[in-house]
Amino acid sequence: MKASIINNQIYGFLPTDIEGVDTLAELALDLRWSWNHAVDEIWYKLDPDLWMETHNPWVVLQNVSRDQLKKQMDDPVFRKKMDEMIKLKEKSISEPAWFQKAHPNAPLSCMAYFSMEFMLSEALPIYVGGLGNVAGDQLKSASDLGVPVVALGLLYQQGYFRQVIDRYGTQQALFPYNDPGQLPISPLRLPNGEWLRLAIDLSGHTVWLRTWQVQVGRVRLYLMDSNDPANNPVHRGITSETYGGGSDLRIQQEIILGIGGCKLLQALQIEPEVYHMNEGHAAFLVLERASNFMKAKGTSFEEALACTRAGNIFTTHTAVGAGFDHFDPSLMWQFFGAYAKNDLNIDFNDLLALGRENPYNSSERFNMAFLAIRGSGAVNGVSLLHGEVSRQLFASLFPRWPKNELPIGSVTNGVHMPSWDSEFADKIWTESCGKERWRGNLETVGDISGVSDADLWLLRNNSRAKLVDYTRQRFTKQMKAASEWPEVAEIATNLFDSNTLTLGFARRFVPYKRPNLLLYDAERFIRILTNPERPVQLIIAGKSPPFDESGKALIRQWVQFIQQHNLYHHVIFLSDYDMLLTEHLVQGADVWVNTPRRPWEACGTSGMKVLVNGGINLSELDGWWAEAYTPEVGWALGDTYEHGNEPNWDAMEADALYRILEQEVVPTFYTRNEDGIPEQWVAKIRNSMSTLTPRFSANRAVREYTEKYYLPAAVNYLKRATKNGSVGKRIVSTKNDLRNKWNGISLGETTIDHVEGGFQYNISISLNAVDPNTILIQLFANGLNGELPEIVEMEVGEEQKVGVFRCHAHVNSKRPDSDYTVRIIPNYEGISVPLEDNQIRWQH
Ligand SMILES: *Cc1c(COP(=O)(O)O)cnc(C)c1O
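The residue count restarts for each chain, going from 1 along the sequence in the order it is written. Only residues with pLDDT of at least 70 are given local features in this predicted model, and only at 80 or more are side-chain atom pairs given and counted; all residues enter the totals for whole chains, interfaces and linings. Here the side-chain values reflect all heavy atoms present in the structure, with hydrogen atoms and water set aside.

The name given to the protein chain in an unreviewed UniProt entry is Starch phosphorylase, and the organism recorded there is Pricia antarctica. UniProt positions are given in the numbering used here, feature names are shortened, and annotations may be inferred rather than shown by experiment. One UniProt comment on the protein chain, placed under Catalytic activity (unreviewed entry), says "[(1->4)-alpha-D-glucosyl](n) + phosphate = [(1->4)-alpha-D-glucosyl](n-1) + alpha-D-glucose 1-phosphate". The UniProt entry for the protein chain carries this comment under Sequence similarities (unreviewed entry): "Belongs to the glycogen phosphorylase family."

Written as structure tokens, this is what we have:
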């Protein structure tokens, strides 16, 4: 049954006797306004205090008094604005966008995006950090670009914890309840008005999932939770926290996401060609999608997987192997023992094999990333460097393959610029590049040559002043909340200075981010901060995982540093880092500092958020900055090598960091021309804004995913799925046939004829009845001087005696023939090699 929104059932508890309330409700439930602020004025008018406090239109609408609501609805100005906004919304949904124009008649009707977290708005706290940021920003850009996406995730009853810091610097974790009625979401209802509930099986228990929808402009996000009164209490709590509990809880969350998500799509009769796994958490969808295919087309599981994987895409965000979820075989048995038999009709060990490096190692744990790889038609990391790191991490799945041929590409993340730009920046960009600048292909975005130095500097001064103001307010509130700290509350109201060079540092407090690197030599750092002519101020924020004592110690170290040296006018730790705080920080900071231990920062996104606002990055050459940095756009730390736990490395990097601050950042900021403008600084701003902003936008990332992955995946999936999966069936039979005959292939006598400009290479190969049309025979030479290897296809010539073929290739090369060796790889039905068949046979 198709589900739809039936207004009076969602909005039933709003006053029905005030005409037009349903229009307001429709506006309030669209997260478009979290980046397009055109409607803010409406919520402000209804309840200024509550709006400023929550930035949640849905809360405002539900809490506004009837009198006030009636008064506003009777005001023609208010009505006009409301009517305009609903028209704007309708127009932006129906108008063709980039996707419709660039890819008319595309074979992609729907892409389903699965993620454990989404960071869309502070009004919907179902995120922890970077992963949710990527998901949220890409959804928003998909809406801008008209890419047909539905997203699936979990509705956490508490989300991630809220942070309070006591006077000793100790982080306290609070878990306020996410009341679904107050979140900008609505229950997903069937046409008959029933709430769509899904039943899934968790180790023999039927567990009910409640379903919700979130409107994100053109795009819809569906959320599931298990807090249904019909469930027993253990099950009701599965979706209570983001990444809470141990593996027992995690596996159940991931089953709800991957398997529940597929069931939800089925219930809605949505049939995406492409499924995108944002990290391995969602990988159980591989099994459920194949299971549905089996049932619909009458194939085996293996055949169904061969068909469906062509339409699955896996994005990995992890830089170390330990970062992937691993489950114990016994835990897997508990949740998948019956599923393997009943839903996939395979032996449980064959299911486990999909998540193991060595399928026959019965003690090996089940790795979600391995399942995702074995269930995908394409895999990517999230920056150029992370692509390389990932090829190393997954090399063991492709034994004897050269690293550069491992089937893991990269799409560097980007951020949704309209969500992070300040009103000042928005004005400058609009004047130079137009209102619709983030909705097309960005060809013209970046040309800010018409903006004067004075205007760019004014942008910075305004933005910094606004941040200083916000810092005072927020810190005052923070101090009042921690009431045992009255002496600091006093000074909170006049902290900082709006003309002082302002650094921002905000991220999760985990050791690899080295959030205390700036404290390495406290005396030297204090000298930099408190230089009377050229002072520096720094705002820090970040949460440590609640049970991570090392992360909590890092926070304590900062708070105590500030206290002991009475540095409140130069350094402030703002608690409860969230999206709203990020917005202020990235808009106001002059310099964004990032000090991860390379190569752990797979990509990093917070630094991209300052680009649009004229902030400059000072960062380790890791993640995105390793590909973005040039001396014209910012400052770099590190030497592009990994140093592991080398004992002196932190000391050297801290020294370099201080040196960059002392000798470059501070002097460049404070050296002014006769108009009071720091010319060199403004030149850096201009370069960074114009060259990096379009490149590191989610607009670019989503278009790249669409063209490089979604569209080809849709074509491949459809090709394989036709005629009840006949291509998939042939893939399986060819693969098995090759596997059986592979070891019997033997490479025989070689002769080389030297000819003008190169040589002719001949080899006799006994194919052991392998069909020559299912393989490629290649001459391979390692690349010289770091270049890519040279590969020349060989032709299969006449059959010399039964099953033995003379193969040859002509090579135009000055290199000695001894540099070359023959290899054989699979090649059939357009499969991706070595992703889908990792056989390789080398002559030497
Ligand atoms: C942007 C953002 C992140 C991710 O930043 P990284 O640089 O990738 O660590 C995490 N949390 C919040 C609240 C953010 O806004």
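Now that the structure has been shown, the text picks up again.
Visitor: What is the right way to read the sheet that holds strand S27 (residues 820-826) from this model?
Guide: Sheets are built from strands paired through backbone hydrogen bonds, the pairs being either parallel or antiparallel. In this description, strands pair whenever DSSP reports at least two bridges between them. A run of DSSP states H or I qualifies as a helix once it reaches four residues; a run of E qualifies as a strand once it reaches two. Both are numbered from the N-terminal end. Spatial ordering of the open sheet is given by S24-S23-S27-S28, a layout of four strands whose pairing is antiparallel. Lying at the two open borders of the sheet, with one neighbouring strand each, are strand S24 (790-793) and strand S28 (841-842). One ladder, built from two bridges, connects S27 with S28; its direction is antiparallel. Residue Arg823 lies in a different strand from S28, and its bridge partner there is Trp842.

Visitor: Even after reading the chapter, I still don't get the site of the ligand, so can you show me in this structure?
Guide: Any residue with a heavy atom lying within 4 Å of a molecule or strand is counted as near it. Taken together, 14 residues are adjacent to the ligand, and Lys513, Thr582, Thr605, Ser606 and Lys609 come closest. Polar contacts here mean pairs of N or O atoms no more than 3.5 Å apart (in protein, one a potential hydrogen donor and the other a potential acceptor; neighbouring residues in sequence count only if both atoms are side-chain atoms). A distance of 2.8 Å separates an oxygen atom of the ligand from a polar atom in the side chain of Lys513. Ser606 places a polar side-chain atom, nitrogen or oxygen, 2.6 Å from an oxygen atom of the ligand. Compared with its free state, where it exposes 380 Å², the ligand has 95% of that area covered by protein. Among the secondary structure elements, those contributing two or more residues to the shell around the ligand are helix H9 (130-145), helix H24 (579-588) and helix H25 (606-611). Polar here means any residue outside two lists: the nonpolar Ala, Val, Leu, Ile, Met, Phe, Trp, Tyr, Cys and Pro, and the charged Asp, Glu, Lys and Arg; Gly therefore counts as polar. In terms of residue class, the shell around the ligand is made up of four nonpolar, seven polar and three charged. Boundary definitions for the domains trace back to an automatic or database domain assignment. Mapping the shell around the ligand onto the domain boundaries places at least three of its residues in each of domain 2 (98-413) and domain 3 (418-490 + 498-696). Exposure was quantified through the Shrake-Rupley algorithm and a 1.4 Å probe, taking into account, for residues, occlusion by the shown protein chains and nothing else.

Visitor: Quick question: what am I supposed to make of the nonpolar core here?
Guide: Nonpolar side chains tend toward joint burial in soluble globular proteins. Among the buried residues, those of types Ala, Val, Leu, Ile, Met, Phe, Trp, Tyr and Cys that are joined through side-chain atoms within 4.5 Å form a nonpolar core. Note on classification: 1.4 Å probe, protein chains only; a residue is buried when its accessible area is under 20% of the maximum for its type, exposed when over 50%, partly exposed between these limits. The biggest cluster of nonpolar side chains holds 219 residues, and the ones touching the most others in it are Phe284, Phe336 and Trp558. Filtering out sequence-adjacent residues up to four positions away, Phe336 remains in contact with Ile251, Ile255, Ile259, Phe284, Leu287, Phe348 and Leu351. The contact criterion used throughout is that any non-hydrogen atoms of two residues lie within 4.5 Å.

Visitor: What exactly am I supposed to notice about the environment of Ser247 here?
Guide: Tracing the backbone shows Ser247 in helix H11 (residues 247-267). Expressed as a C-alpha distance, the spacing of Ser247 and Asp328, which sit 81 residues apart in the sequence, is 8.6 Å. If we ignore the near neighbours within four places in the chain, the residues touching Ser247 are Phe327 and Leu331.

Visitor: Got a minute to help me understand the packing of helix H12 (residues 284-297) against helix H14 (residues 329-342) in this structure?
Guide: Geometrically, a packed helix pair is captured by the angle between its two axes and the distance between the axes. In the contact formed by H12 and H14, the axes pass within 13 Å of each other and the chain directions differ by 10°. With respect to H14, the element H12 is oriented roughly parallel. When H12 is examined against H14, the residues Phe284, Leu287, Glu288 and Ser291 are found in contact with a partner set consisting of Met332, Phe336 and Tyr339. A per-class count over the contact of H12 with H14 returns five nonpolar, one polar and one charged. Orientation is described by lines fitted to C-alpha atoms, with helices fitted over the stretch in contact, and by angles between N-to-C directions that extend from 0 to 180 degrees. Oblique is the label for any angle not under 35 degrees, not over 145, and not in the 65 to 115 range, which are roughly parallel, roughly antiparallel and roughly perpendicular in turn.

Visitor: Got a minute to help me understand the domain arrangement of the protein chain in this structure?
Guide: A common way to state how big an interface is: give the accessible area lost once the parts meet. Along its sequence, the protein chain is carved into domain 1 (21-94), domain 2 (98-413), domain 3 (418-490 + 498-696) and domain 4 (745-842). On a C-alpha basis, the centres of domain 1 and domain 4 stand 67 Å from each other.

Visitor: Is there a simple way to explain the UniProt feature "modified residue: N6-(pyridoxal phosphate)lysine" (unreviewed entry) in the protein chain in this structure?
Guide: With numbering aligned to this structure, UniProt lists the feature "modified residue: N6-(pyridoxal phosphate)lysine" (unreviewed entry) at Lys609. One can find Lys609 in helix H25. Other than its neighbours up to four places away in sequence, Lys609 contacts Met119, Asn133, Val415, Trp420, Thr582 and Val586.

Visitor: Just to check I follow, could you spell out the sheet that holds strand S16 (residues 536-541) for this structure?
Guide: In spatial order, the strands read S17-S16-S15-S18-S19-S20; together these six strands make up an open sheet with parallel pairing. Looking along the sheet, the strands with just one partner apiece sit at the ends: strand S17 (571-574) and strand S20 (634-637). Here the average twist between neighbouring strands, direction ignored, is 20°. Pairing between S16 and S17: four bridges, direction parallel. For Ile539, the partnering residue across the bridge sits in S17 and is Ile572.

Visitor: Any chance you could explain helix H23 (residues 549-564) here in plain terms?
Guide: Within an α-helix, residues lying three or four positions from one another point in the same direction, as the helix has 3.6 residues per turn. Compared with an ideal rise of 1.5 Å per residue, which puts 16 residues at 22 Å, H23 spans 22 Å between its outermost C-alpha atoms and is within 8% of the ideal. Regarding H23, the residues found buried are Gly551, Lys552, Leu554, Ile555, Trp558, Val559, Phe561 and Ile562. Lining the buried residues of H23 we find strand S3 (162-165), strand S4 (171-174), helix H22 (522-530), S16 and S17. Following H23 by one or two positions, Asn566 has its phi on the positive side, about 45°. By this rule, a helix spans an expected 1.5 Å times one less than how many residues it contains.

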